[in-house]
Amino acid sequence: MKLVKKFLAIILSLITMLSFGVTASAEENWKDLLGTVVDGSVLTDADKSTGYAREETIRGYYLADGTSYIEDKGNGLIYISGSTSCYRTAEEVRTDVYLQKLINGTWVTVTYQYDSEYNTYYGHNGFYITVTPGYYYRTMTNHIAIKGETFESMTSRTDGLYIG
């Protein structure tokens, strides 16, 4: 039984060491990932990207469309934003903007900012943030319109920008 436990410990150690090796290699060779699609976002080295609500999203009675935006301003400073548009005035128009970072092949939320506008048909939310260089980042925005009992939502995403 002790031999089996030692064997399993060695195997788990090897798997862990190999995982770290693959991660370090992927981060060092970020150019190898250019053009890869991760959760709907193409990894790119562009300076900016705009994402639109997906075409398959059914437009609502109030909610018309939404956009996400990310721009590399240099030296680790980026600007991210989102906009939500409605066909008609809603009681509340929300634009919830999330900054996400690609870690081990998964988009992880770094920070977010919620914003609500009232009795309007348009909402915008944007901010500057300094990030850790050497990673891909994207913006994901939840677009929401509320009127009485009606709640409509959709999501937009930018491509993933490499911030070096």
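Residues numbered from 1 in each chain as written. Predicted model: local features only at pLDDT ≥ 70, side-chain atom pairs only at ≥ 80, totals over all residues. Heavy atoms only, no water.

A. The overall build of the chain, seen in detail. In terms of regular secondary structure, the chain is built from one helix and 10 strands. For the chain, the sequential pattern of α-helices and β-strands runs α-β-β-β-β-β-β-β-β-β-β. A buried classification covers 37% of the 164 residues belonging to the chain. By element, 55% of the accessible surface of the chain is carried by carbon and sulfur atoms, the whole surface being about 9600 Å². (Helix = DSSP H or I, 4+ residues; strand = E, 2+ residues; numbered from the N terminus. Buried < 20%, exposed > 50% of the residue type's maximum accessible area, 1.4 Å probe, protein only. Areas by Shrake-Rupley, 256 points an atom, 1.4 Å probe, with all protein chains shown as cover.)

B. Looking closely at the pairing of strand 2 (residues 41-44). As paired strands, strand 1 (residues 37-38) and strand 2 are joined by two bridges and run antiparallel to one another. Opposite valine 38, over in strand 2, you have serine 41 as the bridge partner. Counted along the chain from strand 1 to the antiparallel partner strand 2, the turn is two residues long, and its residue aspartate 39 has a positive phi close to 50 degrees. (Pairing = 2+ DSSP bridges.)

C. Summary view of the confidence of the model for the chain. The predicted model of the chain averages 85 in pLDDT, with 79% of residues at 70 or higher. Residue range residues 1-26 is modelled with pLDDT below 50. Its contacts to residues more than four positions away, or to other chains, number two contacts. (pLDDT = per-residue confidence, 0-100. Contact = heavy atoms within 4.5 Å.)

D. Quick peek at the packing of aromatic side chains. Scanning all chains against the criterion turns up nine aromatic pairs. Summarising the aromatic geometry, the rings of tyrosine 98 and tyrosine 114 are spaced 6.1 Å apart at their centres and angled 75 degrees between planes, so their arrangement reads as edge-to-face. With tyrosine 98 in strand 5 (residues 77-103) and tyrosine 114 in the loop between strand 6 (106-113) and strand 7 (116-130), this residue pair connects regions lying 16 residues apart in the sequence. Judged by relative accessible area, tyrosine 98 falls into the buried class, the value being 14%. A centroid spacing of 5.0 Å and a plane angle of 40 degrees characterise the contact between tyrosine 112 and tyrosine 114, whose relative ring orientation is tilted. Since its relative accessible area comes to 46%, tyrosine 112 is described here as partly exposed. On the basis of relative accessible area, tyrosine 114 is assigned to the partly exposed category, the value being 45%. Members of the aromatic cluster, each reached through a chain of ring pairs, are Trp30, Tyr136 and Tyr162. Above the plane of the ring of tyrosine 135 lies lysine 101, whose end atom (NZ or CZ) is 3.9 Å from the centre. (Phe/Tyr/Trp six-rings, centres within 6.5 Å; stacked < 30°, edge-to-face > 60°. Lys NZ or Arg CZ within 6 Å of the ring centre and 35° of its normal.)

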